[in-house]
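# A closer look at the structure
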Amino acid sequence: QNVGKEVLMMKKRVAAYIRVSTGTKAQGHSFEFQRDYWTKTLSEKPGVELIGIYADKAISGKLMSRRPQFMAMLQACREGRIDMIYTKSVQRFARNTTELLTITRELRERGIGVFFERENINTLDTTSEMYLTIAAAIAEEDLNSYSSNLVWAYQDKFKKGEVELINGLYGYNTDENHR
């Protein structure tokens with residue numbers, strides 16, 4: 001019996017973090033795929049105990065504080081319940097370089113690593129910070145570029161007189177409100 005307990009004590013307690021930024025059908029499929037992938041992969045990985053899958057759906061990666069599951073995962077790390085976090089990519093984990101580096105440094109100081117599968121970066125590796133900084137800067141710039149493109153597209157539509165109303169215009173009735 002003691003041998004069984006020792007093996008359990010040696011297992012790394014791992015979690016996965018998933019995030020999709022929109023609630024579209026395609027993103028829903030990505031969300032489900034990621035959840036299934038990490039559940040299967042980490043459950044079958046020798047020497048690990050899957051603690052949980054933390055998943056934020058239809059939430060931007062710009063600010064960590066606005067992602068409840070991300071914050072719950074960080075709390076579990078701070079309480080010593082997680083030894084390693086797995087995630088698909090830097091973009092899924094964070095789109096803000098400063099926040100990403102701050103949190104990965106805090107976790108590393110606690111002996112907790114983050115593994116970014118796409119970039120093959122493990123933050124417990126002493127050489128990871130340079131690669132992580134580059135990947136994070138690219139992810140942040142990608143988000144900024146996407147946001148700029150959206151703003152431009154909406155401004156162009158307004159100039160052409162094309163206005164999209166999702167829930168109607170507050171204080172006004174339109175023909176579409178009465179259909």
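What you see as residue numbers is a count from 1 along each chain, following the sequence as written. Only residues with pLDDT of at least 70 get local features here, since the model is predicted, and only at 80 or more are side-chain atom pairs given and counted; chain-wide, interface and lining totals rely on the full set of residues. Each side-chain value is derived from all of the structure's non-hydrogen atoms; neither hydrogens nor water enter the calculation.

## Section: the sheet that holds strand β1 (residues 12-20)
By the convention used here, strands pair only if DSSP detects at least 2 bridges between them. Under the scheme used here, helices are H or I runs from DSSP no shorter than 4 residues and strands are E runs no shorter than 2 residues, and both carry numbers assigned from the N terminus. Pairing is mixed in the open sheet, where five strands are placed in the order β2-β1-β3-β4-β5. The outermost strands of the open sheet, each flanked by one partner alone, are β2 (48-57) and β5 (121-122). When β1 meets strand β3 (residues 84-87), the two strands line up parallel, connected through four bridges. Across the sheet, residue Val-14 finds its bridge partner in β3, namely Met-84. Residue contacts are defined here by distance: any two heavy atoms, one from each residue, within 4.5 Å place the two residues in contact. Lines fitted to the C-alpha atoms define the axes, with helices restricted to the stretch that makes contact. Angles between their N-to-C directions range from 0 to 180 degrees. Running at roughly 150 degrees to β2, helix α3 (residues 68-78) makes contact with β1, β2 and β3 of the sheet.

## Structural notes on α3
For every residue, the accessible area (1.4 Å probe, protein chains only) is compared with the maximum for its type, and the residue is labelled buried under 20%, exposed over 50%, or partly exposed between those bounds. Buried residues of α3: Phe-70, Met-73, Leu-74, Ala-76 and Cys-77, and no others. Down the axis, α3 shows its buried residues gathered within 160 degrees of arc, on one side only. Here the buried face of α3 lies against β1, β2, β3, α4 (90-93) and α5 (97-109). Picture the helix axis, draw a direction to every C-beta atom, and the arc is the one those directions span.

## Observations regarding α5
An α-helical turn contains 3.6 residues, so any two residues separated by three or four positions project in the same direction. When the terminal C-alpha atoms of α5 are compared, their 18 Å separation across 13 residues agrees well with the 18 Å that a helix rising 1.5 Å per residue should span. Taken as a whole, α5 has its buried residues at Thr-97, Leu-100, Leu-101, Ile-103, Thr-104, Glu-106 and Leu-107. Counting of polar contacts relies on pairs of N or O atoms within 3.5 Å, with two restrictions inside protein: one atom must be capable of donating a hydrogen and the other of accepting it, and residues adjacent in sequence are counted only when both atoms are side-chain atoms. One side-chain oxygen of the residue at the start of α5 lies 3.1 Å from the amide nitrogen of Thr-98, identifying that residue as Asn-96. Downstream of α5 by a residue or two, Gly-111 has a phi angle that is positive, lying close to 85 degrees. The span one expects for a helix is its residue count, reduced by one, times 1.5 Å.

## Description of a nonpolar patch on the surface
A contiguous nonpolar surface patch, about 440 Å² in accessible area, is contributed by Met-130, Tyr-131, Ile-134 and Ile-138. Looking at where Ile-138 falls in the secondary structure, it is placed in helix α6 (residues 128-159). Two distance rules govern patches: like charges are joined within 9 Å, and nonpolar side chains (Val, Leu, Ile, Met, Phe, Trp, Tyr) within 5 Å, applied only to residues with over 30% relative accessible area and no salt bridge. Surface accessibility follows the Shrake-Rupley procedure with a 1.4 Å probe radius. Residue values consider only the protein chains on display as shielding. A pairing counts as a salt bridge when a side-chain nitrogen of Lys or Arg comes within 4 Å of a carboxyl oxygen of Asp or Glu.

## Notes on the packing of aromatic side chains
Side-chain rings of Phe, Tyr and Trp, where Trp is taken by its six-membered ring, are said to pair if the distance between their centres is within 6.5 Å; with planes under 30 degrees apart they count as stacked, over 60 as edge-to-face, and otherwise as tilted. This structure, assessed with the given rule, holds eight aromatic pairs. Between Tyr-17 and Phe-93, the aromatic rings sit 6.1 Å apart at their centres with planes inclined by 90 degrees, giving edge-to-face as the arrangement. Here Tyr-17 is found in strand β1, whereas its partner Phe-93 is found in helix α4, with 76 residues between them in sequence. Tyr-17 gets classed as buried once you look at its relative accessible area, which sits at 0%. Judged by its relative accessible area of 0%, Phe-93 is buried. Geometrically, a charge over a ring is one whose NZ (Lys) or CZ (Arg) sits within 6 Å of the ring centre while staying within 35 degrees of the ring normal. The positively charged end of Lys-57 is found above the aromatic ring belonging to Phe-31, 4.8 Å away from the centroid.

## Comments concerning the pairing of β1
The buried count for β1 comes to seven of nine residues, which makes it a mostly enclosed element. As judged from the nine bridges shared by β1 and β2, these two strands associate in the parallel manner. Bridge assignment links Arg-13 to a residue of β2, and that residue is Glu-49.

## Observations concerning the confidence of the model for the protein
On a range of 0 to 100, pLDDT expresses the predictor's confidence in each residue. Confidence along the protein averages 79 in pLDDT terms, with 68% of residues attaining 70 or more. Under a pLDDT of 50 for its full length, residues 146-150 has, in the predicted model, zero contacts with residues more than four places off or in other chains.

## A closer look at the packing of α3 against α5
One can describe the packing of α3 onto α5 by two numbers: an axis separation of 10 Å at closest approach and a directional angle of 25 degrees. Considering the angle they form, α3 stands roughly parallel to α5. Between α3 and α5 lies a crossing of left-handed hand. Residue-level contacts link Leu-74, Cys-77 and Arg-78 of α3 to Ile-103, Glu-106 and Leu-107 of α5. In the scheme used here, Gly and all other residues not listed as nonpolar or charged are polar, with Ala, Val, Leu, Ile, Met, Phe, Trp, Tyr, Cys and Pro taken as nonpolar and Asp, Glu, Lys and Arg as charged. In terms of residue class, the contact of α3 with α5 is built from four nonpolar, no polar and two charged. Working definition: roughly parallel below 35 degrees, roughly antiparallel above 145 degrees, roughly perpendicular at 65 to 115 degrees, and oblique for all remaining angles. The crossing is said to be left-handed when, going from far helix to near helix, the turn is anticlockwise and less than a right angle, and right-handed when the turn is clockwise.

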